[in-house]
Amino acid sequence: MKTNFLNQLKKHQYLFWLIFLMHSLSVSGQESDVDFSFYNTSLSISERSEILVSQMTIDEKIHQLVNSAPAIPRLNVPSYDWWNEALHGVARNGKATIFPQSIALAATFDDALALKVADAISSEALAKYHISQSVGNHSKYAGLTFWTPNVNIFRDPRWGRGQETYGEDPYLTSIMGVAFVKGLQGSDPNYLKTAACAKHFAVHSGPESLRHEFDATPSQKDLYETYLPAFEALVVDAKVEGVMGAYNAVFGKPSTASPFLLQTLLREQWGFDGYVTSDCGAIYSISSKFKFADSPAAGAAVALKAGTDLNCGKTYLQLSAALEQNLITEEVIHERTVQLFKTRFRLGMFDGDKKHIYSEMSPEMIHSDEHVALAREVAQKSIVLLKNKDNILPLSEDIKVPYVTGPFANSVDMLMGSYYGISPNMVTILEGIADAVPLGTSLNYRSGALPFHDNINSKNWAPFVSGESDVTICVVGITADMEGEEVDAIASQDTGDRVELALPQNQINYVKELAKHKKGPLVLIVASGSPVTLEEVEEHCDAILHIWYPGEQGGNAVADILFGKVSPSGKLPITFPKNVDQLPPFEDYSMKGRTYKFMEEDPQYPFGFGLSYASFNYHHLNLSKTKLKKEEDIEVSLQITNQSDIASDDVVQLYLIPQDISLPDTPKYILKRFKRVAVAPHETVDISFNLSSEDFKLFDEKGKKVRVKGNYKVVVGNALPSSRSVALGASEFVESVVTLK
């Protein structure tokens, strides 16, 4: 019995090794048939991608069309997840520098600074990527394809994701977005440092609760004048590598299934040669929400044919069924797969052992001292001084009894905004102030109020401390828990959006209590990623700073401003209305009555507004010509003088104001140029701008740029050239008139 058992065992062992040997020979034979010439860097990216993808089975190609793409070992293709975020630092992937949120970066009006920030982010990303690769971590958020930046227009301040954007103006958004893309992608002609992605294409800005079913139908004028310019600039000027389709539909077709958006505009008119990805779950919504297709397979087919290369999600795995149903062809699947691999080749992922400019990046770049200092600089330049009664700011560092209070005075969450990384060096407002004042100062702190609802304990001594203090610094606002993407804003009753723009009522009540008991001045510090109306509290405050979501160095930056180490120089990239009654309906995508361009009523704080500790005088405006013929340029020159003893930056803004133009719905103001300048005490700086004949064209009702004869004011200053800006303390503007002949 025992002998028979041993004989059977030997027989099974023999069969096992025979099968193993046959399999090994088979695999070896397959590998010998593989054409690895796609590693040849002397070939074009298109050729290399074609060589690789042509050797994949149809099933392998389909699996490469989802964000979490599996490995193909026989072709030496590692697994790769395309999903990654970097709005204001490498996000959701461990230790990284947290820069101020995108809307804060926009408030700097400094595209050179934006490029510098994005370059720092991509350096950290590269270092993290190489480390992750070395330990076999190919997970989500560990790659080099960043779904950044968000260049949607912040058309309505109630939109919770507006904090991710560069504000309400297409020109400012374009300039900042182009700079950010260039910083992320690098300047090498052959390789991408990282791959940026313009999102969400197109006409996307809330409401969050309707984004999976909303059909945006703007006028042709609004489409081409407001919603498309930033995307076109990122594609044409910055050569952005990726474009993400929006959740919503446009003109009746889901964005990710729109040949008009993805073929006519993107590839044919703008010459785009990167990859198009869906937003996450958007392909499934084509059939489940929009009912634009009768099944997930049909929805996958219509999106792929329209031009969406990558599915964030898994609906594209239904392409096998779509193929069987003759809804799609193998040729289209092949083309989309090739397009995706062109991006991976541009990132140097299939160069073998050959070194290239971005093959290495020191781990010391991650959260380096240089990047931390840069985060502080951006925060300093983004803070907007909205009020400074009797010049009570800056505070003296020798102040004896300062009092810091408010629900976000010691909050780390308030610093971060949405889509953030993780930093070991977060500096709250309280910590920044504590580090700035002398050791002999009797700094006091109580939170005094809960973030979003009334205190549970009716007894509260915190308001009375303001009566014992030389100055009260109260930090209020909201966080990304209250405004943001629908799935993340867990404190929002409106799916991440803000139906009301005022502070939470309990915070309003607390500020009033402080004002009632205060001995010294009351300084209000407001944190948010969107406009906050201050009708009930503005009159009670001696100074007001808007700090956005200022990143990990927010506390130090606020202290730098409060105590005069740095003069405030941030400007509002979005209009702050007095209340929601000044706004059109949220769901209405018409630009009528929206933003500084079309708003009829006086806002609380205008676009481009922000005070300084210095005093500036704009003078000696000169135009190289006052009558402009077709194809002519014009040189605009002026001088700006710092009339104070305080060194400060200022943001010079040039606007066109059409005069007596017959074209319907012409904007009241149009921002055409801006420049951040540093001006020493009592220094005069020469400024010049060049305007082309193209800058004087307006959009007609068909969305076409047309040259309209007439008069145009050229106005230069440091805020929107409105009477409201001057009433709030902006410098006087200089202006002249150009006549188009």
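Above this text sits the structure in question.
Residues numbered from 1 in each chain as written. Predicted model: local features only at pLDDT ≥ 70, side-chain atom pairs only at ≥ 80, totals over all residues. Heavy atoms only, no water.

## Overview of the overall build of the protein chain
Moving on, step 1. For the protein chain, the count of helices and strands is 21 helices and 24 strands.
Moving on, step 2. Relative to a compact globule of 741 residues, whose C-alpha radius of gyration would be 27 Å, the protein chain shows 28 Å and is just as compact.
Moving on, step 3. Contacts spanning at least 24 positions in sequence make up 77% of the contacts within the protein chain whose residues lie at least 6 apart.
Moving on, step 4. For the protein chain, the accessible area works out to roughly 28,500 Å², and carbon and sulfur atoms hold 50% of it.
Moving on, step 5. Separation between the mean location of the 68 positive side-chain charges and that of the 90 negative ones in the protein chain comes to 2 Å. (Helix = DSSP H or I, 4+ residues; strand = E, 2+ residues; numbered from the N terminus. Rg over C-alpha atoms; globule rule 2.2 N^0.38 Å. Contact = heavy atoms within 4.5 Å. Areas by Shrake-Rupley, 256 points an atom, 1.4 Å probe, with all protein chains shown as cover. Lys, Arg positive; Asp, Glu negative; His and termini not counted. Charge placed at Lys NZ, Arg CZ, Asp CG, Glu CD.)

## Considerations on the packing of helix 2 (residues 45-53) against helix 13 (residues 330-346)
Moving on, step 1. Across the interface, helix 2 lies against helix 13 with an axial gap of 8 Å and an inter-helix angle of 125°. One element, helix 2, and the other, helix 13, form an angle in the oblique class. When you trace helix 2 past helix 13, the crossing you get is right-handed. In this structure, helix 2 uses Ile45, Ser46, Arg48, Ser49, Glu50, Leu52 and Val53 to contact helix 13, whose residues at the interface are His334, Thr337, Val338, Phe341, Lys342, Phe345 and Arg346.
Moving on, step 2. Across the contact of helix 2 with helix 13, the residue classes tally to six nonpolar, four polar and four charged. (Axes fitted to C-alpha atoms, helices over the stretch in contact; angles between N-to-C directions. Parallel < 35°, antiparallel > 145°, perpendicular 65-115°, else oblique. Left-handed = near helix turned anticlockwise from the far one by under 90°. Nonpolar A, V, L, I, M, F, W, Y, C, P; charged D, E, K, R; others polar.)

## Some thoughts on a positive patch on the surface
Moving on, step 1. A cluster of basic residues, Lys627, Lys630, Lys709 and Lys741, forms a positive patch on the protein surface.
Moving on, step 2. Among the secondary structure elements, Lys630 is positioned in the loop between strand 16 (627-628) and strand 17 (634-642).
Moving on, step 3. The exposure class of Lys630 is exposed, given its relative accessible area of 62%. (Patch = residues over 30% accessible without salt bridge, like charges linked within 9 Å, V, L, I, M, F, W, Y side chains within 5 Å. Salt bridge = Lys/Arg side-chain N within 4 Å of Asp/Glu carboxyl O. Buried < 20%, exposed > 50% of the residue type's maximum accessible area, 1.4 Å probe, protein only.)

## What to know about the sheet that holds strand 14 (residues 543-546)
Moving on, step 1. Spatially, the six strands line up as an open sheet ordered 9-14-13-12-10-11, and their pairing is mixed. Looking at which strands have only one partner, the edges of the open sheet turn out to be strand 9 (384-388) and strand 11 (444-446). Going from strand to strand, the sheet's axes swing by 15° on average, the running direction of each strand aside.
Moving on, step 2. Judged from the six bridges that link them, strand 12 (residues 471-477) and strand 13 (residues 522-527) form a sheet pairing that is parallel. Residue pairing across strands places Val475 opposite Ile525, the latter belonging to strand 13.
Moving on, step 3. On the sheet, helix 19 (residues 554-562) packs against strand 12, strand 13 and strand 14 and is oriented at approximately 145° with respect to strand 13. (Pairing = 2+ DSSP bridges.)

## What about the pattern of salt bridges?
Moving on, step 1. For the coordinates displayed, the defined rule picks out 34 salt bridges.
Moving on, step 2. Notably, a salt bridge pairs Glu485 with Arg161, separated by 3.3 Å at the nearest N-O pair. Residue Glu485 is found in the loop between strand 12 and helix 18 (505-517), and its partner Arg161 is found in the loop between helix 5 (111-134) and helix 6 (170-185); the two are separated by 324 residues along the sequence.
Moving on, step 3. Residue Arg161 is classed as buried on the basis of its relative accessible area of 1%.
Moving on, step 4. Ionic pairing is found between Arg267 and Asp309, a salt bridge with its closest N-O pair at 3.2 Å. Here the residue Arg267 occupies a position in helix 9 (residues 259-269), and Asp309 occupies one in the loop between helix 11 (296-306) and helix 12 (319-324), the gap between them amounting to 42 residues. Neither Arg267 nor Asp309 differs from the other in exposure class; each is buried.

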